[in-house]
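# Residue-level structure breakdown
Listed below are the residues making up each chain.
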2 protein chains.
Amino acid sequence: MGGHRLTHDRPGPAGQPAIDDAGPHPDPLPWPSRLRSLPSWLVGKTSSHAHRVTTEAFAAISARKYHYALLASLAEFGPSSQADLGRRCSFDRSDVAILVNELLEAGYVERTQDPADRRRNIVALTPAGRERLAEFDRVAAGIQERLLGPLGADERAELVRLLTRVLDHLGGVVH
Amino acid sequence: MGGHRLTHDRPGPAGQPAIDDAGPHPDPLPWPSRLRSLPSWLVGKTSSHAHRVTTEAFAAISARKYHYALLASLAEFGPSSQADLGRRCSFDRSDVAILVNELLEAGYVERTQDPADRRRNIVALTPAGRERLAEFDRVAAGIQERLLGPLGADERAELVRLLTRVLDHLGGVVH
DNA sequence: TGCCAACGTTGGCCACGCCAACCATAACAG
DNA sequence: CTGTTATGGTTGGCGTGGCCAACGTTGGCA
């Protein structure tokens, strides 16, 4: 995310279809069985799909999934410093700065200097931000549906449980 | 992976610890509950950990996980063209070219021109490649152990089953 | 008072996944 | 046979994501 990123506009050639490769269905061959039974491989592939689907779904409403994380954090824990936002969402400070600027520009948050500690910025949700978060909730629900399609409610819960335990063990969660 | 990548050496400053931030334990705050219950978020975080652990483990034996995929494919399906390798492991053609060069340089595969179709390269495992693959198997097993730590055998199998179903539904697997 | 830590900001790096272009070769249509 | 289309391998490049380094500002503490 770093660098002078502020621009996530993709001009794109938008020209004719490519001269060379075109087919969107290059008939995928089966994976090696060693990979098919490797949890780390499966998690990576699933994450890759999830990332693509999520990015597209949020882009369709001119948003980014990272915005969802920040607004969700603000809604649940109240106005926070950017450092706390980063800790809660496990984002780097520098990335939080950019994301907050984006949200600020769209009017979903407001940023004020903490009078009690003039190093801190206090980022707070605006009413428009609360509405945006509700929209994000709907988008996120649709994404889960598209991703987990055939899984029943109990299986989805089981998946969440297993992943949560793994993450907990890896020190990524509450601790 | 694209570009003139052939170099995955990381020089690294290796200097003193940073002047600014130092603490490796920035006391992680709990995630927003909206994210904690979002499968796509959990999968992404798990994948992130898995990627890091895997990359480190393979780097420790001067390898990359992508090498594992290619050698596994060659061992299971026999000598293949680079295009088939890419389809089987879902790698881009350009990335396969580089990976094969790396494996070639290390002596784990050999590359010959297909006499029946002079466009194709036939990539085949060498005896050293088979030994290397066995080493990769051991490393991969260790990685699963580190990642899935507290999960029992049945839970790991359930996780694999759920992820496989999701991937199947997403069109990423056999179909 | 002086030192160190934390915050926000800017700039940058690199791996990853992907695309575009190119040439050589093959397959196919007329 | 000939033109067209498709495939394979290679090189170069791009955009994103995650992260680090450095700096000025401010607060906490000895």
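What comes next is a walk through the structure. Every value quoted in this text rests on a predicted model; they were computed, and no experiment measured them.

Let's shift gears to the overall build of chain A. Within chain A, the regular secondary structure consists of seven helices and two strands. Reading the secondary structure of chain A in the N-to-C direction produces α-α-α-α-α-β-β-α-α. Here chain A holds 175 residues, and 43% of them are scored as buried. In chain A, the share of contacts with a sequence separation of at least 24, taken over all contacts with a separation of at least 6, comes to 52%. Accessible area for chain A stands at about 9,600 Å²; split by element, carbon and sulfur atoms hold 53% of it.

Right, let's talk about helix α5 (residues 93–106) of chain B for a bit. Residues and elements named next belong to chain B. Spanning 14 residues, α5 covers 20 Å between terminal C-alpha atoms, matching the ideal 20 Å at 1.5 Å per step. Inspection of α5 places Asp95, Val96, Ile98, Leu99, Val100, Glu102 and Leu103 among the buried residues, and these make up the whole buried set. On its buried face, α5 is in contact with α3 (65–77), α4 (82–89), β1 (109–113) and β2 (121–125). Phi turns positive, to about 85 degrees, at Gly107, one or two residues after α5.

The subject of this paragraph is the interface of chain B and chain A. With 68 residues of chain B at the contact, the number on the chain A side is 68 residues. Our count for the contact surface shared by chain B and chain A stands at six salt bridges. A salt bridge links Arg34 of chain B to Asp137 of chain A; the nearest nitrogen and oxygen atoms lie 2.5 Å apart. At the surface where chain B touches chain A, the tally comes to 15 residue pairs in polar contact (both at pLDDT 80 or more). Looking at the side of chain B that touches chain A, the elements that each hand over two or more residues are α1 (33–36), α2 (39–59), α3, α4, α6 (127–148) and α7 (153–169) of chain B. Taken together, the residues of the side of chain B that touches chain A sort by class into 35 nonpolar, 16 polar and 17 charged.

Here is what the cut-offs are and how they apply
Residues numbered from 1 in each chain as written. Chains lettered and ligands numbered in written order. Predicted model: local features only at pLDDT ≥ 70, side-chain atom pairs only at ≥ 80, totals over all residues. Heavy atoms only, no water. Helix = DSSP H or I, 4+ residues; strand = E, 2+ residues; numbered from the N terminus. Buried < 20%, exposed > 50% of the residue type's maximum accessible area, 1.4 Å probe, protein only. Contact = heavy atoms within 4.5 Å. Areas by Shrake-Rupley, 256 points an atom, 1.4 Å probe, with all protein chains shown as cover. Expected span 1.5 Å × (residues − 1). Salt bridge = Lys/Arg side-chain N within 4 Å of Asp/Glu carboxyl O. Polar contact = N/O pair within 3.5 Å; in protein donor to acceptor, adjacent residues only side chain to side chain. Nonpolar A, V, L, I, M, F, W, Y, C, P; charged D, E, K, R; others polar.

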